[in-house]
Amino acid sequence: SLRLGTVVVDCGASVARLIKKCKRVVAKRQVNQAFRELLLQEKFFVALLTGTKEEQTAIEEAAKIGERRVPLSCHVCPELPQLLIST
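Now for a look at the structure at hand. This is a predicted model, so every value here is computed, not measured.

### Some words on the overall build of the chain
- For the chain, the count of helices and strands is four helices and three strands.
- When the helices and strands of the chain are listed from N to C terminus, the series reads β-α-α-β-α-β-α.
- Buried residues in the chain amount to 28% of all 87 residues.
- If you take every contact in the chain between residues at least 6 apart in sequence, the share linking residues at least 24 apart comes to 74%.
- A total accessible area of about 6000 Å² is found for the chain, and carbon and sulfur atoms account for 57% of it.

Here is the structure:
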């Protein structure tokens, strides 16, 4: 089935700040009826990109705390730190 998602990029923020950012992304969309329906049907997700496996593990552990309404998947992009430095 079709799902809609958004990408959050770790630009060096703390794990707590990244989790907050993901929650904000979802909260902004909850005011829209169409997005609310996607959230209720579990057809919306947040993909978080980070630069290291250690950061991925920390984010995944922090995301387990509390209730999550949106699937959050964290992915390592080893090139990310270099990309952020060069921009």
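That covers the picture; the talk isn't over yet.
### Remarks on the side chain of Asp-10
- Relative to the elements of secondary structure, Asp-10 occurs in the loop between β1 (4-9) and α1 (15-30).
- No salt bridge is formed by the buried Asp-10, whose closest oppositely charged neighbour, Lys-21, lies at an N-O distance of 8.1 Å.
- Ignoring anything within four residues of it in the chain, the contact list for Asp-10 reads Leu-18, Leu-48, Leu-49, Thr-50, Glu-55, Leu-80 and Leu-84.

### Some remarks on the nonpolar core
- Counting 15 residues, the largest nonpolar core has Val-8, Ile-19, Cys-22, Val-46, Leu-48, Ile-59 and Leu-72 as the members making the most contacts within it.
- Only α1, β2 (44-50), α3 (53-64) and β3 (72-76) provide two or more residues apiece to this core.
- With near-sequence residues (within four places) excluded, Leu-48 lies in contact with Val-8, Asp-10, Leu-18, Cys-22, Ile-59, Leu-72, Ser-73, Cys-74 and His-75.

### So, the pattern of salt bridges
- Applying the stated criterion to the full structure yields one salt bridge.
- Between Lys-64 and Glu-61 there is a salt bridge whose closest N-O contact spans 3.2 Å. With a gap of three residues between them, Lys-64 and Glu-61 both fall in helix α3, about one helical turn apart.
- The exposure class assigned to Lys-64 is exposed, which follows from its relative accessible area of 58%.

### Regarding the packing of α1 against helix α2 (residues 33-40)
- The contact between α1 and α2 brings their axes to 7 Å, and the two run at 125°. Classified by the angle between their axes, α1 and α2 sit oblique to one another. Of the residues in α2, those touching α1 at Val-26, Arg-29 and Gln-30 are Phe-35, Arg-36 and Leu-39.
- Partitioned by chemical class, the residues of the contact of α1 with α2 number three nonpolar, one polar and two charged.

Conventions used here
- The residue numbering used here restarts from 1 in each chain and proceeds along that chain's sequence as written.
- Owing to the predicted nature of the model, reporting of local features is limited to residues with pLDDT of at least 70; listing and counting of side-chain atom pairs is limited to 80 or more, with chain, interface and lining totals taken over all residues.
- Just so you know, side-chain values use all the structure's heavy atoms and leave hydrogens and water out.
- Each helix corresponds to a stretch of at least 4 residues labelled H or I by DSSP, and each strand to a stretch of at least 2 residues labelled E; elements are numbered beginning at the N terminus.
- Each residue gets one of three labels from its accessible area relative to the maximum for its type: buried under 20%, exposed over 50%, partly exposed in between, using a 1.4 Å probe on protein chains only.
- Contact definition: two residues touch when any of their heavy atoms are within 4.5 Å.
- The method behind every accessible area is Shrake-Rupley, applied with a 1.4 Å probe, and residues are considered shielded solely by the protein chains displayed.
- Just so you know, the count uses Lys and Arg for positive and Asp and Glu for negative, and it drops His and the chain ends.
- By definition here, a salt bridge exists when the distance from a side-chain nitrogen of Lys or Arg to a carboxyl oxygen of Asp or Glu is within 4 Å.
- Nine residue types can take part in a nonpolar core, namely buried Ala, Val, Leu, Ile, Met, Phe, Trp, Tyr and Cys, and a core is a set of them joined through side-chain atoms within 4.5 Å.
- Angles run from 0 to 180 degrees between N-to-C directions of axes, and those axes are lines fitted to C-alpha atoms, restricted for helices to the stretch in contact.
- Throughout this description, any angle smaller than 35 degrees is read as roughly parallel, any larger than 145 degrees as roughly antiparallel, any in the 65 to 115 degree range as roughly perpendicular, and the remainder as oblique.
- Each residue is assigned to one class: nonpolar for Ala, Val, Leu, Ile, Met, Phe, Trp, Tyr, Cys and Pro, charged for Asp, Glu, Lys and Arg, and polar for all the others, Gly among them.

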